[in-house]
Amino acid sequence: FRMKPINRETFPENLIKHAKESEFPAVDVLICTADPYKEPPMRVVNTCLSVMAYDYPTQKLSFYVSDDGGSQLTLFAFMEAAKFAAHWLPFCKKNRIVKRCPEAYFASDPTWFSDTDQIQNMYESMKMRVERVVERGSVQADYISTEEELQAFSKWTNGFTPQHHPTVIQVLLESGKDKDSRGHAMPNLIYASREKSRSTPHNYKAGALNVLLRVSATMTNAPIVLTLDCDMFSNDPQTPLRALCYLLDPHMDPRLAFVQFPQYFHGLNKDDTYASELKYPFQIDSHGMDGLWGPVHMGTGGFFRRRAFFGGPFSFVAPENPELSPDHVPNKPIRSKEVLSLAYQVAGCNFDAQTKWGSKMGYRYGSLVEDFYTSYRLHCEGWRSIFCHPKRAAFLGDVPVTLNDVLYQIMRWSMGLLEVGFSKNSPLTLGLWSLNPFHALCFTHYSLWPISGIPITTYAFLPQLALLNSFSIFPKVSDPWFFMYAFLFLGAYAQDFIDFMLAGGTIQRWWNSQRMWILRGVSSFSFGLVEYLFKSLGLTKFGFNVTSKVVDNEQGKRYEQGIFEFGVESQMFLPITMAAIINLVSFVSGIIQVLSNGLRFEDVFTQLFIAGFGVLNSWPVYEAMVLRSDKGKLPTNITLTSVVLSWLLYLVSSWAF
Ligand SMILES: O=c1ccn([C@@H]2O[C@H](COP(=O)(O)OP(=O)(O)O[C@H]3O[C@H](CO)[C@@H](O)[C@H](O)[C@H]3O)[C@@H](O)[C@H]2O)c(=O)[nH]1
Ligand SMILES: [Mn+2]
């Protein structure tokens, strides 16, 4: 990561000097959603509206929404959004709005234009209708206005469940036909919920994106594809132009597969309590990989050449149907019978089976971090990528605001990364064989990231247990070897601190990030390792559990104040609470032993230091255990279980020492 970091800058205002708007390539935007209750339809709609209003020739844009939740609520929200978009798009363009996500725009105390009131009323009334429908859980008859809508909702028969249902594809806007309130063309907008069957694996988000790649191929087959998570709304309408600065550059390496924008988040609290910013993967390390063969794909905010999903730059892999090939030019209206029947066919749950989709084409299956894995495989095939990191964040997403959600998200990533690290296509084997060796090491670093759970857990317990048993395990302070330990500790922490501050961090955020590094290490990483082991032995199954984007009011308030949110009885909290207890007890006992001359200070300085450091980092846990009475405190059951387990651990250790 430190060999050759690159910082790039784009000048979208120059683009127009080199290419006429009419020569801009078409762009298909793929948006995924999976659960109307964890990902409220209004949120998804806001994301979609924000990108529909891009500063880009509208008739060249198409939006495909994949709904893995198979929910008529989401479809209803998009029907409403399609109508609202006819007013929102011209409003944004006429007034040169920069925040084109309606919710974010109205919340930002915007400059008032003559038509702002009117558009805000429209937005609020749409929001009310959608939220009312979501609250009821079904679309009432009086909310349905046309025969076409009625027909669309009739697909939700009695046997229709999110896990088992036929394909639903609904063209909500067609560029050639639908016009906005000023008579200009609208972009295409298509809702697609792929067929699901309990007996067929659906490969989570990778499967959803492959369906969208195919459905979009049948309708518009744009040469550029942007993938977006449902919570990642656009924060800069010039973003596609920035991507074109690379994609249209005549001197660009023909092996360029994608331009990646970093993940940024809105709604982080002041000190980013859970270190959700994740500066290393999303910002710092990506600059480093950009200097090698390119950054990884982060699941969202990647502008791809469609061709990159079909084999290496010089070894084309043809799809089974010629209509899905990246060079095919669709020439029929997207609502036509032929197009729709093909779209339904390629969205079927068995279409993938026994094809190259997921292995040699499209998003690759086999890892819960399909983004990391797919971009790794693309690089192995010879593709390159570029990191585009403009000053104004291109996209802003949601972060989980409870500790449990944060830890589970990282645990899911851990399992996905280990699936890559220990697969037959591991970066240590296939990677070193086919990539720049430094680039391969970058991929190795992340695919084996969860393994750091082992040393972190060891340091959280072993020196402390030794201290409790009056055992010295580090060199004493006067021993020259002590300086190696001091140097490594201070060096690593200083380096981390400098990296963090150079990437625009604050001291408090850095402190929280090092704390979360420890908490993740003892919980998410360790559980991820165990769960991965169980899964490899065929004992358990672990799926893509969607992160909740809903915040309850009280939780939101506590998050704003930077108070840790425990609240639920989660196994994730056990090792954290045990570590907090053992560090405190051993620190106190160590001090007593030194004062009573049972132990020499210089023999156990390092252990005392580590335990003290653990205590400092565990402060929010003690508060949650004994001082707090709000709903987010540590559940009594977790505290008691941790006390018992800590006691058992101590007994085992006193037998072992
Ligand atoms: O079966 C599924 C599961 C998830 N999703 C969508 O995938 C996206 C990401 O899901 P989320 O719960 O927000 O996961 P995160 O851990 O926050 O996502 C990060 O990590 C994922 C796995 O690496 C990447 O896919 C994402 O782009 C990246 O933002 C969302 O839009 C979901 O709707 C699906 O479409 N189908
Ligand atoms: Mn997310």
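The structure displayed is predicted, hence computed values, not measured ones.

Calculation criteria
Residues numbered from 1 in each chain as written. Chains lettered and ligands numbered in written order. Predicted model: local features only at pLDDT ≥ 70, side-chain atom pairs only at ≥ 80, totals over all residues. Helix = DSSP H or I, 4+ residues; strand = E, 2+ residues; numbered from the N terminus. Rg over C-alpha atoms; globule rule 2.2 N^0.38 Å. Buried ≥ 20, exposed ≤ 12 C-beta atoms within 10 Å, placed from the backbone. Contact = placed C-beta atoms within 7 Å. Domains from an automatic or database assignment. Near = placed C-beta within 6 Å. Nonpolar A, V, L, I, M, F, W, Y, C, P; charged D, E, K, R; others polar.

Peer 1: Requested: an account of the overall build of the chain, with residues and values cited.
Peer 2: Regarding its fold elements, the chain presents 22 helices and 13 strands. Here the C-alpha radius of gyration of the chain, 27 Å, is about what a compact globule of 657 residues would show, namely 26 Å. Taking the principal axes of the C-alpha coordinates as reference, the chain spans close to 85 × 55 × 50 Å. Going through the 657 residues of the chain one by one, you find that 48% of them count as buried. Taking all contacts inside the chain whose residues are at least 6 apart in sequence as the whole, residues at least 24 apart take part in 83%.

Peer 1: Could you give me a rundown of the domain arrangement of the chain, with the residues and numbers involved?
Peer 2: We note that the domain assignment places domain 1 (12-399) and domain 2 (451-656) within the chain. Distance between the C-alpha centres of domain 1 and domain 2: 40 Å. Listed by partner, the interface residues are 21 residues for domain 1 and 19 residues for domain 2. Elements represented by at least two residues in the side of domain 1 that touches domain 2 include exactly helix 7 (204-219) and helix 9 (279-290). Broken down by element, the side of domain 1 that touches domain 2 gets its largest block of residues, three residues, from helix 9.

Peer 1: With reference to specific residues and values, describe the site of ligand 1.
Peer 2: In the vicinity of ligand 1, 20 residues are found, and the nearest of them are Cys32, Ala34, Tyr204, Gly299 and Thr547. Residue assignment for the shell around ligand 1 shows that the elements contributing at least two residues are strand 1 (27-33), helix 7 and helix 11 (370-380). The biggest single contributor to the shell around ligand 1 is helix 7, with three residues. A class-by-class count of the residues in the shell around ligand 1 yields eight nonpolar, six polar and six charged. Counting contributing residues per domain, the shell around ligand 1 is built from domain 1 (12-399) and domain 2 (451-656), each supplying no fewer than three.

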